Amino acid sequence: MSQAFTTNIPARLDRLPWSRFHWLVVAALGITWILDGLEVTLVGSLSPAISQGLGLTTTQIGLTGSAYILGAVLGALVFGRLTDTFGRRRLFTITVGVYLLATIATGFAWDFWSFMLFRFLTGAGIGGEYGAVNSAIQELIPARRRGYTDLAINGSFWVGAALGAAGSLVVLNPDVVDQAWGWRLAFIIGGLLALIVIFIRRYIPESPRWLMTHGKPEEALAIMEAIEASVERSTGKPLSPASELPTLRLRPMRTSWFDIAKSLVVQHPKRTTLGLVLMATQAFCYNAIFFTYALILTKFYDVPGSAIGWFILPFAAGNFLGPLLLGHFFDSVGRKPMIALTYGLAGVLLCLTGWMFSEGMLTATTQTAAWTVIFFFASAGASAAYLTVGESFPLEIRAVTISLFYAFGTLLGGVGGPALFGALIDTGERSQILWGYLLGGGLMIVAAVVELFLGVAAERKPLEEVAPPLSQVLDDAP
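All residue numbers refer to position in the chain's written sequence, counted from 1. Only residues with pLDDT of 70 or above have their local features reported here, since the model is predicted, and side-chain atom pairs are shown and tallied only from 80 upward, although totals for entire chains, interfaces and linings are computed over all residues. In computing side-chain values, all of the structure's heavy atoms are included and hydrogens and water are not.

Some words on the overall build of the chain
- Helix and strand definitions here come from DSSP, where helices need a minimum of 4 consecutive H or I residues and strands a minimum of 2 consecutive E residues; each element is numbered from the N-terminal end. Looking only at helices and strands, the chain has 21 helices and 2 strands in total.
- The C-alpha extent of the chain, read off along each of the three principal axes, is 70 × 45 × 45 Å.
- Throughout, exposure labels follow a simple rule: accessible area from a 1.4 Å probe, protein chains only, divided by the maximum for the residue type, with under 20% read as buried, over 50% as exposed, and the rest as partly exposed. The buried share among the 478 residues of the chain stands at 62%.
- Contacts between residues were defined by any pair of non-hydrogen atoms, one from each residue, lying within 4.5 Å. Taking contacts inside the chain between residues at least 6 apart in sequence as the whole, the part at least 24 apart equals 87%.
- About 17800 Å² of surface is accessible on the chain, with carbon and sulfur atoms providing 68% of the total.
- Averaging the locations of the 31 positively and 31 negatively charged side chains of the chain gives two centres separated by 5 Å. In short, Shrake-Rupley with a 1.4 Å probe defines the accessible areas, and a residue's cover is counted only from the protein chains shown. Charged residues are defined here as Lys and Arg on the positive side and Asp and Glu on the negative side; His and the ends of the chain fall outside this count. A single reference atom marks each charge: NZ on Lys, CZ on Arg, CG on Asp, CD on Glu.

Encoded structure:
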């Protein structure tokens, strides 16, 4: 059995003032979601061009969206467990490498099956990022700013979406790029951008919290001292003595799938239910609508494929501004009221917009404006779902827990969404599509109610207080 030891590393991380180090963490890890947003938007914006270039039907485009999500599900399950076993830093380098190769390969797809395979592999890389990146964010950011930072980073997906939309205006312009290569070039460039991520992440250390629970207290202490020295240099102020901070006593252990199942089902069943509901409902709502966004505009509003980017830009802005402007309320007002509010508002507005669409009351512009408002709230709520599942369970299983909830929530709510909406759009009947909008909105409202009853008040609390480590020694036993 490993020797027990006492540490104050969690308290030392939480007491740090905001500094250049934290901005580096935000930049290096947040860029993941920028790439994810770029990737997803490319398919949404370029779907008419991809459909024409590869001879795909609307239903097949929807199926490739589902393949991407399915890949993300399996990638999350595999890489999430490896992240808890081998460390945050090692895995978020491997996963971005998978994304890089698969995205470039997508640009060379030659038919429906090859395109779907490369989309699946790209999703696997991004899915693996969810556990590695979110766990690293939550373990390196001080408790008082954990909610806002996590929401802002997850919301940066929509910066990538805006870049993808703007890029589509270039690659779909026949005066600039040969249309036979425009959409292919977009994927190739998007993959190469991942090289920047790999370079920046060289400067992010392994999580001291992960090291201390894996029998490496000396290495954790060395990294902690290096972080503190960096913070003191950037702020120009000395930190308070570490000896005055509260401590934990830990005995490192190897976690098994039994330990994971026990924590989820026996120790925290309410949190497990909450996480599944939040993840599944937002996944259905987002993936169903966003993966078919361009199809609605082209089929029902006669928007040219080359102009789709102009309509995605305001939608992306609303999604980014939601977490950015509302995020600090999740730390001050609290997780429970803010998650319930954002989910509930998004659900009600989505149902209303669906009815207006079915009645022919909207134009391409007003439809986009409605979606922008809806997802201003939905984006903040969806980002908070990842925050919730990460901070609600013990440190030793944090990455695999995030991955499991992402995987099962997405499998339940996300894989079928794009295919369902693709099929509904193929009918050409607005009344049929209304049922899809009502389903998505209704699920978001249900999630809001569940949050009110089962939500966790984790705001401004140390991770170890919200969910004590499995390896924590709670008595004086040797």
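Topic: the packing of aromatic side chains
- Note on aromatic pairs: the rings of Phe, Tyr and Trp (six-membered ring only in Trp) are paired at centre separations within 6.5 Å, and the planes decide the class, stacked below 30 degrees, edge-to-face beyond 60, tilted for the rest. In this structure the tally under the stated criterion is 16 aromatic pairs.
- Arranged with centres 5.6 Å apart and planes meeting at 90 degrees, the rings of W18 and W23 form a pair that is edge-to-face.
- Owing to a relative accessible area of 52%, W23 belongs among the exposed residues under this scheme.
- Members of the aromatic cluster, connected to one another through ring pairs, are F157, W158, F315 and F375.
- Sitting above the plane of the W18 ring, R145 keeps its charged end 4.1 Å from the centroid.
- Here the guanidinium or amino end of R430 rests over the ring plane of F357, the centre of that ring lying 4.7 Å away. Should the NZ of a Lys or the CZ of an Arg lie within 6 Å of a ring centre and within 35 degrees of the ring normal, that charge is described as sitting over the ring.

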